[in-house]
Amino acid sequence: MDLTDEVSDKRAELEGCRPGHDSRDVALGDLAVALHNRFKAEGKVDDVDEAITLHRAALELRPSGHPEQSSSLLGLARCLSSRYGNQGVVADLEEAVTLSREALALCPPDHLSHGASLNSLARNLRRRFEKYTTMHDLDEAFELHRSALELHPSGHPEWSSSLHGLAVCFLNRYNNQGVVADLKEAVTLCREELAHYPPGHPSRGVSLKTLAYGLLAKFWEQATVHDLDEAFELSRTALELHPSGHPERYLSLCGLALCFSSRYNNLGVVADLEEVITLYREALGICPPGHPDRCVSLNNLGVNLQKRFKKHSTMLDLDEAFELHRAVSELYPPGHPEQFFSLHGLGRCFSSRYDKLRAIVDLEEAITLGRAALVLHPPGHRHRSTCLYNLGFNLWTRFWRQASISGSGRAKFVRRAALVLRPINDARAAFSFHALSLHFWDKFQNQPAIADLDEAISLATYALELRLLNHGDYSASTGKLALFIRERVQWFVQGRSPNESAVLGQAVDSLCALEHYLRDRFRKQHAVADLVEAITLHKYVLQLRPAGHPSHPSNIHDLKLCLIEKFHDTAAVGDSDVAIALERKTPDLSVPGDPSYDVSKDCLATYLRIKISPQLMRASSIRSVATEYEVSQVVRHVVSEILETMPTRLLNTQTGVLCDRDAQISHFTSSQQHKQLLSSAMLYDPVERVGRIHTVVSACFRFAMFSHRWGEGEPSLRDVQGRAIYDMPPSSGVDKLQKFCLAAFKQGYQWAWSDTCCIDKDSSTELQEAIGSMFGWYRRSALTIVYLSDVPETGSFAASQWFGRGWTLQELLAPATVLFYTRNWSLYRNIESSNHKADSTILEEIAKATGIASRFLTDFTPGMDDARLRLQWASSCRTTRPEDVAYSLFGIFDVHLPVLYGESAEFALGRLLAEVISQSGDISILDWIGEVSTFHSCFPARITSYRTLPLPSVRRRRTVIYNKSTTWVVQCAAKILSLTQRVAPATICKPTPHIAMFFLSCYSGRAEQCRFILTELPYI
């Protein structure tokens, strides 16, 4: 059956299963699967978005204990994983991992879906490894795929999926660690998988691509031409199977381009390079702005245009390469985890243009970008050697241009310079950096210039890193570095150069990174010499960054941790005493309430406990309790868990930049708080560790919410993306947003949310999710800022229109902490309180303005309690779109219903009321006065019908029939009984209690406008 026809059929089946139907969950899941299948074939994002919404709806109908809950969990996980692959949103991947784990927990080994659950979790862990390169994820993926293979013999539907997953795991480990045996195993598994897929099988193309990549990697490793030839053949076949418009077309183009690029690098055939550029141009055309692979495509095309420039010296190629790499830099701004590609590409472009035009400004720019790229790749990173080589090449190029050494000394320096231009190994590269550092030291000695001294320290640091402890010249490197640092400290002390230059700052950062590398190596190999050297490097850092430097507290903290770990291994009391002395100073550097203060206080308590009870030190070994890697995994999980409960996008109140979840995570992981948390949490008691980490991380991600009445010129998501709101041209809407962020910043909150620009209102799926989550966001906010644009500085807010808007009702009830601001952004009545809800005077004013009792304002719980009263609160509220009157109450009643903009307000209200009765059985909501709804004759057409107070419950049995016949009363009763049985049979159809109805006369004389009074009475 055609995929579109299948979607149409499943949609028709769903329409036949209205809410309350026994098979509605099945119909929701079937349509979701059909839409997901069409997405995999055609790549339409709307299909996977709708599939996710449907799976969520099905999951709500399959609560804990439902036999098909695991099926919904797996389906939702697959869709989220597919959307991550298409759009690159990390939150989708993290949720997919969580859901896969939940599904696996529900599927024991004898369950039919056990194998599928194993593969689903393994696939998502593998993807997370590809994102973060954390070996723990890859190791677990290996284990899960192997378990699935043992469970599924050849021929089983899940066998090929398990085999493919295991092959990709081997390829990933090869890419990370370079073990050739892994590559060979991957190729073997890929061949076995391909043999399982005959021509015409839908998965054959993916299998061809994977095997082609394995063979290509084998060619790179062993230069076996027949592997390259076979990779060519497989890649061409895969591309034929993935025509234009196919979701796998992009990867097939890239795979074939890699083959041509490899052959060009090997043989230098220009036609191959031309083919590479053609293929990458087509790949770029498949990735429009916003596509997750656009940056990679821009980079690939830019790199190969630069290659063609080097071949033909055509400036048009270099100019286009510049343009492409600059576009990458815009998409990978500072702080982005993939920023290296933009820095590296631009640096090579500047270096190439220098070679062509000899403009020194280009060479200086290449050096600056090279240093920045090096910062992104600390010691141990797989791209570190490439960065060092490029930087060293450009530094020596500059040296050749500027050096003025005469006689035989010049010849000696030239010979040394040649070593770094074509480095054979780390030893020669280290020698080159060391020689160049001595050159700058000599320059400084002859004519003191602090820039030369900083350059000498920087280059000596690189040489030290390349030599490390096992090199014969390591001590010479440390000796020279110590000499340079002592001189630099003297300049600090004498006040001749109090500020840290950029070059020196990068050098000190490199020392810190090298210290972390040595400390991590100590934890793996237990060589105390590594830890001793790490302590030495930390002392260097503290000399260059004394008290008053922003990173000084963090550097002290790291040194303390090294000392305590050394004390653990050597039991040298002096180390623990130094750590305690340093920790005692730390609280002076922060204030109570700051996360750093609490961490330092806990650490000091731990150190003192170790000192007075050394026997406990062995029982609760710092290293055996948790490594930094283990702690980082916990922190990452906690961060993901917290972000799942927060809005997807938030404004950084300090910079004014709108940040998605990736940017929020990047901001946190690059902060001093994150660095200190990683090291401190290793000392936490294992029982308390997760809770204490959660407390610290929660404090870092506290956010403020904005509540206001919309006006003219409100900035949208498109208006603020990629811009700092503080730099935007003034308008009424922008001014309001700027002052909201500033108010949140002044109150101590780094993150803030506004409904004007933090939601993509062009995405129906995102809008649906936001409306469903909004009450919870306000509930979990640390502060809600209410802006009353119609209240003057000295006026009362009793008559403010804010109290009469539909959406603001939940914005008043949900948050625990609220501050009201008047027209000129001064606090209401100038009451300097941290929470206006805690002020009895303001609380009394709110109660009078809204008619809501104080107890609900300060302690409101969403749900079905007091349903009729909640409807009365909303009865005077107005919304711009009529149907929003109902949608704005979803959070207050804690219901999850589709948002269907375009439906009538009567139907929106009717669906809400039916859901309330369905879940609660509370028929008091049928007590209303007004026009009958076309949705159902027992419901009102408008929310205003609930303005009157509910009548008191009637507990004694009596019968009143006024101006109506008994027959008509019975007919109405039957309607209500029919309604309640249809929407909530499990709730209403019980032996007791039962329903009786009484009618009062209508106000207009029409039968449709009657007031229903419902009471619980014994069944007649």
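What counts as what
Per chain, residues are indexed from 1 in the order of the written sequence. The model is predicted, so local features are restricted to residues of pLDDT at least 70 and side-chain atom pairs to those at 80 or more, both for listing and for counting; the totals for chains, interfaces and linings are taken over all residues. As a rule here, side-chain values cover all heavy atoms of the structure and leave hydrogens and water aside. Secondary structure elements are taken from DSSP: a helix is a run of H or I of four residues or more, a strand is a run of E of two residues or more, and numbering for both begins at the N terminus. For the exposure calls, accessible area comes from a 1.4 Å probe over protein chains only, and a residue counts as buried if that area is under 20% of its type's maximum, exposed if over 50%, partly exposed in between. Two residues form a contact once any of their heavy atoms are found within 4.5 Å. Surface accessibility in these figures is a Shrake-Rupley result with a 1.4 Å probe; residues are shielded only by whichever protein chains are displayed. DSSP bridges decide pairing: two strands pair if at least two such bridges lie between them. Axis lines are fitted to C-alpha atoms, over the contacting stretch for helices. Their N-to-C directions set the angle, which ranges from 0 to 180 degrees. We call a pair of cysteine sulfur atoms a disulfide whenever their separation is within 2.5 Å. Buried Ala, Val, Leu, Ile, Met, Phe, Trp, Tyr and Cys residues that are joined via side-chain atoms within 4.5 Å together make up what is termed a nonpolar core. A pair of Phe, Tyr and Trp rings is counted when the ring centres sit within 6.5 Å of each other, with Trp represented by its six-membered ring. The angle between the planes then sorts it: under 30 degrees is stacked, over 60 is edge-to-face, the rest tilted. By definition here, a helix of n residues has an expected span of 1.5 Å times n minus one. Working rule for angles: under 35 degrees goes down as roughly parallel, over 145 as roughly antiparallel, 65 to 115 as roughly perpendicular, anything else as oblique. In this scheme the handedness of a crossing depends on how the near helix is turned from the far one: anticlockwise by less than a right angle means left-handed, clockwise means right-handed. Residues are grouped as follows: nonpolar covers Ala, Val, Leu, Ile, Met, Phe, Trp, Tyr, Cys and Pro; charged covers Asp, Glu, Lys and Arg; every other residue, Gly included, is treated as polar. A residue's pLDDT is the confidence the predictor assigns to it, expressed on a 0 to 100 scale. Any Lys or Arg side-chain nitrogen located within 4 Å of an Asp or Glu carboxyl oxygen qualifies as a salt bridge.

Peer 1: Please set out the overall build of the protein residue by residue, giving values where relevant.
Peer 2: Broken down by element type, the protein carries 45 helices and eight strands. Counting the 1020 residues in the protein, one finds 51% classified as buried. Here the analysis covers contacts within the protein between residues at least 6 apart in sequence; of these, 63% occur between residues at least 24 apart. In the form shown here, the protein has an accessible surface area of approximately 45100 Å², with 53% of it arising from carbon and sulfur atoms.

Peer 1: I'd love a proper account of the sheet that holds strand β6 (residues 818-821), names of residues and values included.
Peer 2: Pairing is mixed in the open sheet, where six strands are placed in the order β2-β1-β4-β3-β5-β6. Strand pairing shows two members of the sheet lacking a second neighbour, β2 (658-659) and β6, which therefore form its edges. Here strand β3 (residues 703-707) runs beside strand β4 (residues 751-753); their pairing, made up of three bridges, is parallel. Residue pairing in the sheet places A704 in a bridge with A752 of β4. Along the sheet face, helix α36 (residues 764-780) touches β3, β4 and β5 (783-787) and points at about 120° away from the line of β3.

Peer 1: Kindly report on the state of the cysteines, identifying the contributing residues and their values.
Peer 2: Tallied over the entire structure, the rule returns zero disulfides. C254 provides the cysteine sulfur closest to C287, a residue in no disulfide bond, and the two sulfurs are 7.2 Å apart. Classification of C287 as buried rests on a relative accessible area of 0%.

Peer 1: Go over unusual backbone geometry with me, naming the residues and quoting the values.
Peer 2: Even without being a glycine, R358 presents a positive backbone phi close to 60°. With respect to the helices, strands and loops of the structure, R358 is situated in the loop between α16 (339-357) and α17 (360-375). Given a relative accessible area of 47%, R358 falls into the partly exposed group.

Peer 1: Please provide a residue-by-residue account of the nonpolar core, values included.
Peer 2: By size, the foremost hydrophobic cluster in this structure holds 128 residues, and its most contacted members are F433, L481 and L511. Those residues in contact with F433 that sit more than four places away from it in its chain are L388, G392, L395, L459, Y462, A463 and L466. Within the second largest apolar cluster, 112 residues are counted, among which are V631, C659, W802 and L843.

Peer 1: Could you give an account of the packing of aromatic side chains, with specific residues and numbers?
Peer 2: We describe a pair of aromatic rings using the distance from one ring centre to the other and the angle between the two ring planes. Counted by the stated rule, this structure contains 27 aromatic pairs. Measuring from ring centre to ring centre gives 5.9 Å for W802 and F820, while their planes differ by 90°; the resulting arrangement is edge-to-face. Of the two residues, W802 is situated in the loop between β5 and α37 (807-813) and F820 in strand β6; the sequence distance between them amounts to 18 residues. Accessibility expressed as a relative area gives 1% for W802, which makes it buried. Since its relative accessible area comes to 1%, F820 is described here as buried. Three or more aromatic residues joined by ring pairs make a cluster, and in this case those are F706, F740, Y787, Y821 and W825.

Peer 1: Talk me through α16; I want residue IDs and the actual numbers.
Peer 2: The periodicity of an α-helix, 3.6 residues per turn, causes residues three or four places apart in sequence to face the same way. Here α16 contains 19 residues, and its C-alpha end-to-end distance of 27 Å stays within 8% of the 27 Å for a straight helix at 1.5 Å per residue. Every buried residue of α16 is listed here: Q339, F340, S342, L343, G345, L346, G347, C349, F350, S351, S352 and Y354. In the core, the buried residues of α16 are packed alongside α14 (294-312), α15 (315-331), α17 and α18 (384-402).

Peer 1: Got a sec to walk through the side chain of N304? Specific residues and values, please.
Peer 2: Considering the arrangement of structural elements, one finds N304 in helix α14. On the basis of relative accessible area, N304 is assigned to the buried category, the value being 4%. With near-sequence residues (within four places) excluded, N304 lies in contact with S261, L273, V276, I277 and Y280.

Peer 1: I'd like a rundown of the packing of α17 against α18, residues and numbers included.
Peer 2: Contact geometry for α17 and α18: axes closest at 9 Å, N-to-C directions at 150°. Taken together, the axes of α17 and α18 lie roughly antiparallel to each other. The two elements α17 and α18 cross, and the hand of that crossing is left-handed. Contacts between α17 and α18 involve I360, L363, E364, A366, I367, G370, R371, A373 and L374 from the first element and R384, C387, L388, L391, N394, L395, T397, R398, R401 and Q402 from the second. Within the contact of α17 with α18, the residues separate by chemical class into ten nonpolar, four polar and five charged.

Peer 1: Which residues make up the packing of helix α21 (residues 450-467) against helix α23 (residues 502-525), and what are the values?
Peer 2: For the pair α21 and α23, the least separation of the axes is 8 Å and the interaxial angle reads 25°. Comparing the axis directions of α21 and α23 gives the class roughly parallel. Note on packing geometry: the crossing formed by α21 with α23 is left-handed. On the side of α21, the interface is formed by D454, E455, I457, S458, T461, Y462, L464 and E465, while α23 contributes V503, L504, A507, S510, L511 and L514. In terms of residue class, the contact of α21 with α23 is made up of eight nonpolar, three polar and three charged.

Peer 1: Break down the environment of L99 for me, with residues and values.
Peer 2: Note on placement: L99 falls in helix α5 (residues 90-106). Taking the C-alpha atoms as reference points, L99 and S70, 29 residues apart in sequence, are found 9.0 Å from one another. Aside from chain neighbours lying at most four places away, what touches L99 is L73, L76, A77 and L80.

Peer 1: Explain the confidence of the model for the protein to me, and be specific about the residues and the numbers.
Peer 2: Looking at the protein as a whole, its pLDDT mean stands at 82, while 82% of the residues score no less than 70. For residues 587-595, every residue scores under 50 in pLDDT, and the model assigns this stretch nine contacts once sequence neighbours within four places are set aside. In the predicted structure, residues 616-625 sits below a pLDDT of 50 and forms 24 contacts with residues beyond four places in sequence or in another chain.

Peer 1: Please set out the environment of G290 residue by residue, giving values where relevant.
Peer 2: Tracing the backbone through its elements, the reader meets G290 in the loop between α13 (270-286) and α14. Sequence spacing of G290 and G88 is 202 residues, and the spatial spacing of their C-alpha atoms is 9.8 Å.

Peer 1: Give a description of the pattern of salt bridges that names residues and reports values.
Peer 2: Taken as a whole and judged by the stated rule, the model has 40 salt bridges. Between E94 and R128 there is a salt bridge; the shortest N-O distance is 2.9 Å. In this pair, E94 sits in helix α5 while R128 sits in helix α6 (residues 114-132), placing the two residues 34 residues apart along the sequence. Residue E94 shares its accessibility class with R128, and that shared class is buried. One salt bridge connects K848 with E844, and the closest N-O pair in it is separated by 3.6 Å. Linking K848 with E844, this pair stays in helix α38 (residues 840-850), spanning four residues, or about one helical turn.

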